[in-house]
Amino acid sequence: MKNDPALKNLCVIGLGYVGLPTAAIFANRGLNVLGVDINSQSVDAINAGKVPIIEPDLDILVNGAIAAGQFRAASVPEPADAFIIAVPTPFTTDQKPDLSYLDAAADTLAPVLAINNLIIVESTVPVGSTERFSKRLAKKRPDLDFPFSSGGKADISIAHSPERVLPGQVLLELTSNDRVVGGITPRCAERAAQLYQMVVKGRCFLTTSRTAELVKLAENAYRDVSIAFANELANVSDILGINPWGVIELANHHPRVNILNPGPGVGGHCIAVDPWFIVSSAPDDTPLIQTARRVNDGRPARIAKAILETATNLKSPEVACLGLSYKADTDDLRESASIEVVKFLAEASLNITVVEPYINVLPSELAEFDNIKLGSLEQVLGGADILVLLTDHRAFREIDITVFQKTVIDTRGIWNFKNRDLRLHQ
Ligand code: SAJ
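Residues numbered from 1 in each chain as written. Predicted model: local features only at pLDDT ≥ 70, side-chain atom pairs only at ≥ 80, totals over all residues. Heavy atoms only, no water.

## A word on the sheet that holds strand S2 (residues 32-36)
Pairing in this open sheet of eight strands is mixed, and the strands run S3-S2-S1-S4-S5-S6-S7-S8 from one edge to the other. Both outer strands of the open sheet, strand S3 (71-74) and strand S8 (204-208), are each paired with one neighbouring strand and no more. When the angles between neighbouring strand axes are averaged without regard to direction, this sheet yields 25°. Where strand S6 (residues 157-160) lies against strand S7 (residues 179-183), two bridges are found, and the strand directions are antiparallel. When the bridges of S7 are listed, alanine 159 appears paired with glycine 183. Relative to the sheet, helix H4 (residues 100-109) contacts strand S1 (9-13), strand S4 (82-85) and strand S5 (118-121), its axis offset from that of S4 by approximately 160°. On top of the sheet, helix H8 (residues 186-196) reaches S1, S4, S5, S6, S7 and S8; it is set at about 145° to S7, its chief contact. (Pairing = 2+ DSSP bridges. Helix = DSSP H or I, 4+ residues; strand = E, 2+ residues; numbered from the N terminus. Axes fitted to C-alpha atoms, helices over the stretch in contact; angles between N-to-C directions. Contact = heavy atoms within 4.5 Å.)

## Topic: the nonpolar core
Soluble, globular proteins show a tendency: their nonpolar side chains are buried together. Ranked by size, the top nonpolar core spans 40 residues in total, and within it Leu10, Leu20, Phe26, Val33, Phe71 and Leu195 carry the most contacts. It is helix H1 (residues 19-28) that provides the largest number of residues to this core, a total of six residues. Contact partners of leucine 10, with chain neighbours within four places excluded, come to Phe26, Leu31, Asn32, Val33, Leu34, Ala80, Ala82, Phe83, Ile84 and Leu195. Within the second largest apolar cluster, 29 residues are counted, among which are Ala110, Val121, Ile158 and Cys188. (Core = buried A, V, L, I, M, F, W, Y, C linked by side-chain atoms within 4.5 Å. Buried < 20%, exposed > 50% of the residue type's maximum accessible area, 1.4 Å probe, protein only.)

## Examining the environment of lysine 327
Topologically, lysine 327 is positioned in the loop between strand S9 (318-322) and helix H13 (337-347). Distance in space between the C-alpha atoms of lysine 327 and histidine 393 is 7.6 Å, their sequence separation being 66 residues. Residues contacting lysine 327, with those up to four places away along its chain left out, are Leu166, Pro167, Thr391 and His393.

## Some details on the sheet that holds strand S11 (residues 372-374)
Spatially, five strands are ordered S11-S10-S9-S12-S13 in an open sheet, and the strand pairing comes out parallel. The strands lining the two open edges of the sheet, one partner per strand, are S11 and strand S13 (407-410). The sheet shows a mean angle of 20° between the axes of neighbouring strands, direction not considered. The sheet strands contacting H13 are S9, strand S10 (351-355) and S11, and the helix crosses S10 at an angle near 160°.

In short, the description is geometric, and any link to function would need to be established separately.
See below:
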């Protein structure tokens, strides 16, 4: 498939963990890229060369593109040849998809659309959302033909190509991962694949937008179910007084077994959310996916209970909680199970010092507690009575835990207790 020479100007709507790296990568390949975000502070910061996200090498790439005049940020879209939508798609409190950011993106995009434009929705969405997005645009722009109504002859091409990058290695995965590109029509998919082939070394697999939507949801639900199995095994091991990491390590020597790691729960904006988008399409036919979500969501309370049982044996213990972000070596706190554990402990009136190298202020859910403060690793290694490892940041992995003589609760299994037959709390 050849590059489309008409693709010169790209507008990326949503400058978060996916949109900003995507914009920077295309800009570094020579497209003129406008990044759009409703958060004016982010827009100002990016234009000043300050990247508001922790992701290896992203600041270098963004600053290079700005310096070369290939990239700038703004609050509203401008006319372009292609548009990539990378806005959040969270869920409501009753686990229903919240597509309000996607609707808002359609509304802000509609006035600048022109004949021959290509639009790609990268946000993770329930099945049918790309067609819904297309219909919303069509209502706002009756002067243009959209692919769901005009098929191959439409003025506008619309596709869904889900982002699949792993935070922490986004720049590498954006270019090296294979891409699933689902068009509302085959022509939409082909045009979207032409755009990606400018930057992607992996293969592009063309399909329909509905299939691409379910592929992305299936990937994350699969991982959620796999982690739920590991977490359930940890719950069972804890009752039996067996170390789960030892069990998993030995079971994984079987050639067809590969159990994932138990932890304090599943966080982040993807795996903790996306399975519910499948459930919303088929609530009566997804018992496994729903149960996995509940097993993983039940972990923070279970971990907190184990910590509280340990704490009752001590008088006014000082508890140190290491790590708040949802996984290692990121500042991303969204849906973090570590935060939930700390909150449970604070509600039980324990005195807690949180050590989180990636933040300077406590998140709002924790800031309201007088019994939680932020501290340093040195302080807690010297003064805490109970050390709880919640997020396995590199800095914590490097601690020689044998020098800490008091109680250690390792919820991630990083300190090599594997070969000892210990309970979760030891
Ligand atoms: N976790 C465990 N045990 C494990 C692995 C992970 O408890 O063995 C926990 C992590 O600590 C974290 C959560 O699960 O709290 C999710 O972390 P993750 O590294 O599995 O995934 P994410 O959410 O950072 O990124 C996922 C990826 N999806 C898959 O691997 C199928 C990524 O490729 C997607 O692009 C991303 O979701 C997304 O944006 O959808």
